[in-house]
Amino acid sequence: MMNIRLTILFIFFLSCVFGKNATKEAYLKKADYFIQEQHVDSCLYYLSLINDDDPAVSFRKNVMSILRSDKSEEEVITTMDSIIAANVEAPFSNLAKINYIGYYTELMIADDSKNSYNLSVINQAVALHEKSEKKDSFLLMHLLHNKGNLLYELDRNIEATGVLEKALAIAQQIDTRNESMIGVIYFNLANAYSGLFDFQKSYELVEKSEAELSKLENPNLDYLQTVYLDLFSTSLDFSYIEKARNYLNKSAKLYENKKKEITRGNPEAIARKEISLLYNYMRLYSETKDLENGKKTLEEATEKFGDNKDPFFKLRLAAIYNYMGELYVKDQPEKSFKYYQKAIEIYDNKDDLRYGLMFEFNLGKAYLNSKNYKKARETSASIIRKGESINDYRLSFFYFYDVKALLEQGYFEESLPRFNQLVAFQNDSDVEIDLVTQKGIPEFIPKSNLDAAYLLSSAAQTIETHIPDSRESNMAMNSLYQLAIKLFQSNFKQALFNEKSQKEYEMMLEGLLKTDAYLGQSGLSYDEIIRFSENATSRYLWEKFKFKNKRLDLLDKETLAKIQELRSQITDLKLGNTGMDSIEISAEIFERELDLERIELENRNKFNSFYQYEDFDFNFAAFKSKLSDDQLVLKYEFLDSMLYVYEITKDTISIQPLDSLQIINEKVQQFVNLLRTPNSDVQELNALGGVLYNILLPESLKPEILIVADGLLNYLPFDLLRKNGMYLLENNIVSNASSLSLLELAENDNKINNAMIIAPSYDQYILNDQQLAVRGAAYDLEGALAEAEAISDIINSKKYIRESANKALFVKEAGSFDLLHLSMHSFMNDEDPELSSLVFYDGDDDNELFISELYGMNLKAKLAVLSACNTGVGKEKTGEGMVSVNRAFTYAGVPSIVSSLWSAPDKATKELMTAFYGELKQGESKASALRNAKLNYIQNQTVDGLKHPFFWGSFILHGNTEPLVFKGNNLNFRITAFIAVLIFLIGYFIGKKKLKTS
């Protein structure tokens, strides 16, 4: 009996002990969960329920006690250091230690003055995680995220990017418990890449952050609003003014609509948001030279925040005064003095030179613009001394403006030591560079700084403007242009082409060619120059074409349909079919464009390996190796005020200046106007064709000529230029290309298994007896319908005529055909070329296919024949070239396009196209087929008036010129069959003769 009682008592004792331990562990687990979620009161509550004083509990209670106390910051730090040191090796969970240390760092992270200390604490926590047998990816993600942010704040950006990439990788694999977390990490990673001057990468990451946050139902609104501000800032830096304005307005609108959620009603947070918005609007007004709104913003900021002594507010108010100075500094520099001086006065933080240097630098710039060279150089000396003491990343600008002050006074020799500093600051090699002797230039290794390319080019232009011509000055300029081009080439991915970067590119390349000519040398090889030209100007078109040719297999039908729908919506908005005002329309267009960018970003993430592989760098050696002995490539390029031509054969390259932009444009415009007028004077036309032949073409030509035009030359049919009473096409085969890069991509698959022929009817319009039928006005086209019938008799095709030739069918079916032929009307929009359109059957309400919609299509055709008017002309768009229907088909993935340069006459076009397909069917190359069709038209035409080039000369070929192989009915098959039969017959008769002899 006694044994039974003792057993019962022992069991009761054990249950009390284990029950107490179980309860304790449950309370600790709850406390740890709530501290992770930063629900401090709940954490304290569960800790208070535990009376045990073992090390694990004591550590938690001690941390929370000191963090909730009224002690000074220094006392908190000292005590926490002691607690952490005493418990690092304590025999309880490292994850628990990390949890509470992590909370401590979260509290400290807002204090920028403690960044180094906070980083050391986080490093201790990371080390504890490495030692821990159990791992917690959630804790580690937060530690790495905070560590990366601190490294960024400490300007240790290489380390920051590595740490944040690890945090991002973890976040993408776990439940972050915060749906905004991935977007937040993207944004902070973007900051770190920006610190490394990789602005393109930074911009892409901010776009990813925006895409992640905007798709959430309840995103972190504070971060999302900040992301919009960052996108505004980057767009402004790239000179995308309207895009920047839209992002800023979007940020302001989000803040106004969600102010309470973003700031939690905190007056300090509200004030910070408001001065940040005022600061960013002032940036916009400074960039757009909006003086009136700039003044209003300055007054509002001064009234609201002029007395605020917090460094955050003082800095932004000073910056607003600084941007007010920028509004005056170029044209009225004396008026800018007081604003820069006020900025320096407001932000008087002697411990932070970064911003004070910027304000002082701008004051020096104002002195320079007002020709007060003494003050300008005194200011330069001051900021250079301070900048060098902290190795400021803007030292290039400081050196440049001191150089500029010397050169404007004619002091070339005196400027050279400062020039050496300017160049050395952008050189990643140890080799010293001498601009005048050009010693060390081949060894120059460019740093990652696109702006430095513009600075060096500008420095060379300053020499040209202020220093008399001499061999020494031209050697220095040539050196600077070479270095600028190397910097540009090294960083060209950052150069999202806009008007600014286009102009800078033109000036540095023309400067190099001009100084080369003066010195009788070639600073860079012609191969390097052509590669530079293609990389700078053709990347956008190359990327569009290359990806369209591959992505048919990558993107699902739903995504493609979404892209097409968004482009259609943009078109409707541009056409004003929505009843909204212009501001609303602009905002809605911006939103649709953002949606398209988000789809692109999603694709980049999904098919990352494809995008990485498809990096653009023009291989000129590979391009030349593909040329035959009979081919000559003429690439024309307007550089600032002069036209240059690159003459390229398989074995030779030369670059020649031709004439001024103004002279050539006048003559081309006059010639094109005569071509477009059917009753113009043929003698005048021929004479002008001869003048342009002598200006534009070299004396020695090859049988095949490939033209890469620029500017107004895109409107010029080169094959109609004349020499010795003959058109160029009478002796040469001429074709065109948008860029050399696209020709390098030419594929060998030219098999045509099926073709689509489109020829709509236009029942709502009637042509009167006095009108000439051309394919640019609204009426039925008899020749186009007859053309469709004739072509369908020549090649195996599927024909859609009259009402069956509708837009919906084309959009749905065109992607499945190897050849597209469109005999139809087209309309040009001179104001917005993306609203130019191809016109399908007019019985449908939606019968126009706009360029903007074509961009969203994915076509596999090897050839598109646009037998309509003006399909080869459009409007130049910086970075993209000529925006036209022709170019839109290139974007959609078609490597060869026949298009027209003016309103094509209906009946003559029918004759020309029928002959063209006959030549193609006989195995002629596309270029040769088009040439022969034109020559046949001239030779067979008996009416002299119809021999005018207006009737037959408008069509040109762009792109791949290789012959096409038509399924089941081609010349090669017939020749092979004939040879086989011939060999059989010869063999038969020889055998018969031998048999007879025997």
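As the structure is a prediction and not an experimental result, all values here were calculated from the model.

Overview of the overall build of the protein
- Along its length, the protein carries 41 helices and 20 strands.
- Restricting the contact set of the protein to residue pairs at least 6 apart, pairs at least 24 apart contribute 70%.
- For the protein, the exposed area adds up to about 46,100 Å²; of that, 50% sits on carbon and sulfur atoms.

Some details on unusual backbone geometry
- The phi dihedral of S239 is positive, around 65°, even though this residue is not glycine.
- If you trace the backbone, S239 turns up in the loop between α11 (221-237) and α12 (241-257).

Digging into the sheet that holds strand β13 (residues 837-839)
- The sheet built from three strands is open, its strands ordered β12-β13-β14 with antiparallel pairing. Strands at the two margins of the open sheet, each flanked by one partner only, are β12 (825-827) and β14 (848-850). The mean angle between the axes of side-by-side strands here comes to 25°, regardless of whether they run parallel or antiparallel.
- Across three bridges, the pairing between β12 and β13 is antiparallel. By the bridge assignment for β13, S826 is matched with L838.

Some details on the pattern of salt bridges
- Counting across every chain of the model gives 32 salt bridges.
- Ionic pairing is found between E360 and K386, a salt bridge with its closest N-O pair at 3.0 Å. Of the two residues, E360 is situated in helix α18 (residues 353-369) and K386 in helix α19 (residues 373-389); the sequence distance between them amounts to 26 residues.
- A relative accessible area of 16% means that E360 is categorised as buried.
- Residue K371 is joined to E408 by a salt bridge in which the shortest nitrogen-to-oxygen separation is 3.3 Å. Within this pair, whereas K371 is found in the loop between α18 and α19, its partner E408 is found in helix α20 (residues 395-408), the two being separated by 37 residues in sequence.
- Overall, E408 belongs to the buried group, its relative accessible area being 14%.
- Salt bridges sharing partners connect three or more residues here, namely K259, E274, E300 and K304.

Quick word on the packing of helix α5 (residues 94-108) against helix α6 (residues 115-131)
- Taken N-terminus to C-terminus, the directions of α5 and α6 make an angle of 160°; their axes are 9 Å apart at the nearest point. Here α6 runs roughly antiparallel to α5, going by the angle between their axes. As α5 runs across α6, the sense of the crossing is left-handed. Contact residues: N94, L95, K97, I98, I101, Y104, T105 and M108 in α5; Y117, N118, V121, I122, A125, L128, H129 and K131 in α6.
- Grouping the constituent residues of the contact of α5 with α6 by class yields ten nonpolar, four polar and two charged.

Remarks on the side chain of S654
- With respect to the helices and strands, S654 occurs in strand β3 (residues 653-660).
- The exposure class assigned to S654 is buried, which follows from its relative accessible area of 17%.
- With residues near it in sequence (within four places) discarded, S654 still touches Y526, V645, Y646 and E647.

Focus on helix α16 (residues 311-328)
- A rise of 1.5 Å per residue sets the reference length of α16, with its 18 residues, at 26 Å; its end C-alpha atoms lie 26 Å apart and thus fit the reference within 8%.
- Of all 18 residues in α16, 16 are buried, a share of seventy percent or more.
- In this structure D310 caps α16, since a side-chain oxygen of it lies 2.7 Å from the backbone nitrogen of F312.

Thoughts on the pairing of strand β18 (residues 896-900)
- Most of β18 is tucked away: five of the five residues are buried.
- Residues S896, V898 and S900 line one face of β18 and the alternating positions I897 and S899 line the opposite face, and both faces are buried.
- When strand β15 (residues 863-867) meets β18, the two strands line up parallel, connected through two bridges. Looking at β18, one finds that A864 is bridged to I897.

Quick look at the confidence of the model for the protein
- Residue-level pLDDT values for the protein average 83, and 86% of them are 70 or greater.
- By mean pLDDT, the top-scoring element of the protein is helix α15 (residues 291-305) (96), and the lowest-scoring one is strand β16 (residues 875-877) (47).
- Residue range residues 6-20 is modelled with pLDDT below 50. Its contacts to residues more than four positions away, or to other chains, number two contacts.
- Segment residues 872-882 is flagged for pLDDT under 50; beyond a separation of four residues in sequence, or across chains, it makes 49 contacts in the model.

How each quantity is defined
Residues numbered from 1 in each chain as written. Predicted model: local features only at pLDDT ≥ 70, side-chain atom pairs only at ≥ 80, totals over all residues. Heavy atoms only, no water. Helix = DSSP H or I, 4+ residues; strand = E, 2+ residues; numbered from the N terminus. Contact = heavy atoms within 4.5 Å. Areas by Shrake-Rupley, 256 points an atom, 1.4 Å probe, with all protein chains shown as cover. Pairing = 2+ DSSP bridges. Axes fitted to C-alpha atoms, helices over the stretch in contact; angles between N-to-C directions. Salt bridge = Lys/Arg side-chain N within 4 Å of Asp/Glu carboxyl O. Buried < 20%, exposed > 50% of the residue type's maximum accessible area, 1.4 Å probe, protein only. Parallel < 35°, antiparallel > 145°, perpendicular 65-115°, else oblique. Left-handed = near helix turned anticlockwise from the far one by under 90°. Nonpolar A, V, L, I, M, F, W, Y, C, P; charged D, E, K, R; others polar. Expected span 1.5 Å × (residues − 1). Polar contact = N/O pair within 3.5 Å; in protein donor to acceptor, adjacent residues only side chain to side chain. pLDDT = per-residue confidence, 0-100.

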